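Notes for the structure review
Read off the chains here:
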Amino acid sequence: MKLAIMINEGVYQHQSTDSAYQFVKAAIEKGHEVPRIFFYHDGVYNASSLTDPPKDDRNIVMRWAKLAHEHNIDMVVCVAAALRRGIKDENLAEGFRISGLGQLVEAGIQADRLVVFGD
Amino acid sequence: MKLAIMINEGVYQHQSTDSAYQFVKAAIEKGHEVPRIFFYHDGVYNASSLTDPPKDDRNIVMRWAKLAHEHNIDMVVCVAAALRRGIKDENLAEGFRISGLGQLVEAGIQADRLVVFGD
Amino acid sequence: MGEEMTESTGGIDFEDEDASGVIKKFMFVNRKAPYGTIYALESLEVVLISAAFDQDVSLIFMDDGVYQIVKGQHTKAIDVKNFSPTYRALEGYDIEKLYVEKESLDQRGLTEDDLLVDVQVMSSAEIAKIMAEQDVVISF
Amino acid sequence: MGEEMTESTGGIDFEDEDASGVIKKFMFVNRKAPYGTIYALESLEVVLISAAFDQDVSLIFMDDGVYQIVKGQHTKAIDVKNFSPTYRALEGYDIEKLYVEKESLDQRGLTEDDLLVDVQVMSSAEIAKIMAEQDVVISF
Amino acid sequence: MLHIVNKSPFENRTLDSCLRVAINEPGAALLLIEDAVYAASKSGTFESAMKDALGKVKVYALWPDIEARGMQDRVIEGIKMVDYGGFVDLVAEHSNCQSWL
Amino acid sequence: MLHIVNKSPFENRTLDSCLRVAINEPGAALLLIEDAVYAASKSGTFESAMKDALGKVKVYALWPDIEARGMQDRVIEGIKMVDYGGFVDLVAEHSNCQSWL
């Protein structure tokens, strides 16, 4: 089954992005496909290349990049939400791309389910 | 009177930073001094130089920088919170500086009041 | 669409398909008050885009979301844009299914007359029925 | 300290003063559950720093904040650090005023035995009295 | 002390918790800002709790937030309106303050 | 449909709203994740509301979140535990889902 994901909160402040990561990992392990993750609202902060958490903590940004690379996940950051919050090409981490809200609607149309994680 | 401020949420997603701005402006108009604003938790995003909101919207980051410049406000971004969230010298807006949590405690000690804005 | 799709190559599989014929039921559940957080405003942006994709779009206002469409909002003093007029413009985008939960209005002492758009007032039970029929439900 | 201070130059006025003698009452009000949000964890960091400044520090756990000090937390499966042992270490920083609101425990069906640190259980009325005596109150 | 609340009482229980504590303190004041101003509005299920509170603490609401949300004509009697300057005055007049986040 | 809730019922009224709607729908399922897992715990003021709900909707709770919060020994009978894989299965088994944010 195709499961598209929407993430609405940033890194570390809320558990939602952690829950989303564990969900996506489990979905792939079960043989589902996760064609796209769409980052909206503060979710765009998941794509900041400057994120530098303590060594003994999980690195949320790099964890996404690795998972996306291994499983061909299209990670899309909403351009309008990103500009408002200071995410641009200059600080966009590898594995993410910036695009429009149409990519979210398209994911909703194409996937079998859209699962939302937020606050 | 000396009023220190603490801000715990980022730009645009929550009204707290707007409320804080209006409060600080009013305090200065009333003749109070605002020696320091401390940005903690997602509040560190107030300091992102890459923030680029729509033309017809308020520019929260530049608004802080201007107010701080005009009224000698020390705007401090918590280093630990900032690293976790991708705010570093590379994308630190003018008028802000990165320092430790001690600056918050010190503000609490030195100021007559500490007013917190968050979610 | 579905499991029978061939393996995709790096996130561009959506683009390869012709989505023009697919019409899904999209429901946006607005549960947050305006201005305190940005969810209501950024939700409207998604609603407008989904209309541009010719989807079957409906909006529910419940809980504090009913405050989004209350008349008489004046935001000058908080220096935030008043986006409530946009709800009136939804009709122009063929978004006409606006539902409001009666229980949410009652809890807040509001009536249909207090709202700035024409809506259909429904019970929680009626809303449950419509929600269950949707393909995509996004709550803000 | 106060209005009599001479005009400052760009945020360095605090540094000019000798704060070493000032001891203020700092109270940290912990009202949020752990893990769902980062507030509890980042609050602990402020608590530890304020102790390093030799301030008169107290902590209140109320509402979902009481869950921060519940025994038996195991966070391996959510891949987030279990920071609950840190509360046990507070004593080593001379932070010994830990208060818990009785009403919050009762609502959640918890008792003092469920908590991993020694605390003083107080009524809302007692807490109101202590709060009113503080210089700086930060709620997380 | 000055208690500051910014959450809608219909969504979040913070105001309940704040009042549970504040009503015990002589001289307590409550300031409603942001989404908490909905607690100042008439005819809803929160009205009776707010009227009870009014007998025990002074209640203020931030007028710019009331206006933004279209609640101008709905304010419960006895709640005093302040602007941002009045907010500053309340902070200065009380010996300490707490934002119930 | 699958209803997903992530907020503590002691702090936030989202779960009340979700249940108000969900109990009307035959075949509705509720999954408690993150701070909402506190709603699955015994002896608190929310227990009776949860037991009522159990008669009308299937209720699941995410075990990793239960464990993280030390609620392992407090779970109300009749609530089924799932791990992240079980979460995925619930999404796949129901024709649609909604996260009540």
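Residues numbered from 1 in each chain as written. Chains lettered and ligands numbered in written order. Predicted model: local features only at pLDDT ≥ 70, side-chain atom pairs only at ≥ 80, totals over all residues. Heavy atoms only, no water.

**Describing the overall build of chain A**
Counting secondary structure elements, chain A contains 4 helices and 5 strands. Relative to a compact globule of 119 residues, whose C-alpha radius of gyration would be 14 Å, chain A shows 13 Å and is just as compact. Summarising its shape, the C-alpha atoms of chain A cover approximately 35 × 30 × 25 Å along the three principal directions. Long-range contacts, defined as pairs at least 24 residues apart, comprise 76% of the intrachain contacts of chain A with a sequence gap of at least 6. Of the roughly 3,200 Å² of accessible surface on chain A, 48% is carried by carbon and sulfur atoms. Once the 13 positive and 16 negative side-chain charges of chain A are each reduced to a mean point, those two points are 3 Å apart. (Helix = DSSP H or I, 4+ residues; strand = E, 2+ residues; numbered from the N terminus. Rg over C-alpha atoms; globule rule 2.2 N^0.38 Å. Contact = heavy atoms within 4.5 Å. Areas by Shrake-Rupley, 256 points an atom, 1.4 Å probe, with all protein chains shown as cover. Lys, Arg positive; Asp, Glu negative; His and termini not counted. Charge placed at Lys NZ, Arg CZ, Asp CG, Glu CD.)

**What about the overall build of chain E?**
Summing up its helical and strand segments, chain E has 4 helices and 5 strands in all. In chain E, the succession of α and β elements from N to C terminus is β-α-β-α-β-α-β-α-β. Whereas a compact globule of 101 residues would reach a radius of gyration of roughly 13 Å, chain E reaches 12 Å, a difference of no more than 12%. For the C-alpha atoms alone, the extent of chain E along its principal axes is close to 30 × 30 × 25 Å. Counting across all 101 residues of chain E, residues that qualify as buried make up 71%. Summarising the internal contacts of chain E: among those between residues at least 6 apart in sequence, 72% fall at separations of at least 24. Accessible surface for chain E amounts to roughly 3,100 Å². Of this, 47% is attributable to carbon and sulfur atoms. Placing the 10 positive and 14 negative side-chain charges of chain E at their respective mean positions leaves the two points 7 Å apart. (Buried < 20%, exposed > 50% of the residue type's maximum accessible area, 1.4 Å probe, protein only.)

**Focus on the pairing of strand β5 (residues 113-117) of chain B**
Residue and element names in this part refer to chain B. With respect to burial, β5 is a largely interior element, 5 of its 5 residues being buried. Two strands pair when backbone bridges link them, and strand β1 (residues 3-7) and β5 are joined in this way by 5 bridges, in the parallel orientation. Directly across from A4, in β5, lies its bridge partner L114. (Pairing = 2+ DSSP bridges.)

**Quick look at a negative patch on the surface**
Taken together, the side chains of D54, E91, D94, E96, E112, D113 and D118 of chain C present a region of like negative charge at the surface. Note on placement: E96 of chain C falls in the loop between α3 (85-89) and β3 (97-101). (Patch = residues over 30% accessible without salt bridge, like charges linked within 9 Å, V, L, I, M, F, W, Y side chains within 5 Å. Salt bridge = Lys/Arg side-chain N within 4 Å of Asp/Glu carboxyl O.)

**Let's talk about the nonpolar core**
Core analysis: the biggest nonpolar cluster contains 280 residues, and W64 of chain A together with W64 of chain B have the highest contact counts within it. Residues contacting W64 of chain B, with those up to four places away along its chain left out, are I7, T17, A20, Y21, V24, I37, F39, N46, M75 and F96 of chain B. (Core = buried A, V, L, I, M, F, W, Y, C linked by side-chain atoms within 4.5 Å.)

**A look at the sheet that holds strand β5 (residues 97-100) of chain E**
Residue and element names in this part refer to chain E. Ordered in space as β4-β3-β2-β1-β5, the 5 strands form an open sheet in which the pairing is parallel. Among the strands making up the open sheet, the edge pair consists of β4 (80-82) and β5. Strand-to-strand twist of the sheet, defined as the mean angle between neighbouring strand axes without regard to direction, takes the value 25°. Looking at chain direction, strand β1 (residues 2-5) and β5 are connected through 4 bridges and run parallel. Note that in β5 the partner of V5 across the bridge is W100. Set on the sheet, helix α1 (residues 14-22) makes contact with β1, β2 (29-32) and β5; between it and β1 the angle comes to about 170°. (Axes fitted to C-alpha atoms, helices over the stretch in contact; angles between N-to-C directions.)

**Some points on the environment of G86 of chain B**
Here G86 of chain B shows up in the loop between α3 (79-85) and β4 (96-99). Residues within four places of G86 of chain B in sequence aside, it is in contact with S48, L50 and T51 of chain A together with N91 of chain B.

**A closer look at helix α4 (residues 102-110) of chain A**
Of all the 9 residues making up α4 of chain A, 9 are buried; the element is thus mostly covered by neighbouring parts of the structure. Those residues of α4 of chain A that sit buried are G102, Q103, L104, V105, E106, A107, G108, I109 and Q110 of chain A.

**Some details on the confidence of the model for chain E**
With 100% of its residues at a pLDDT of 70 or more, chain E shows a mean pLDDT of 97. In the model output, the complex is listed with pTM 0.94 alongside ipTM 0.94. (pLDDT = per-residue confidence, 0-100.)

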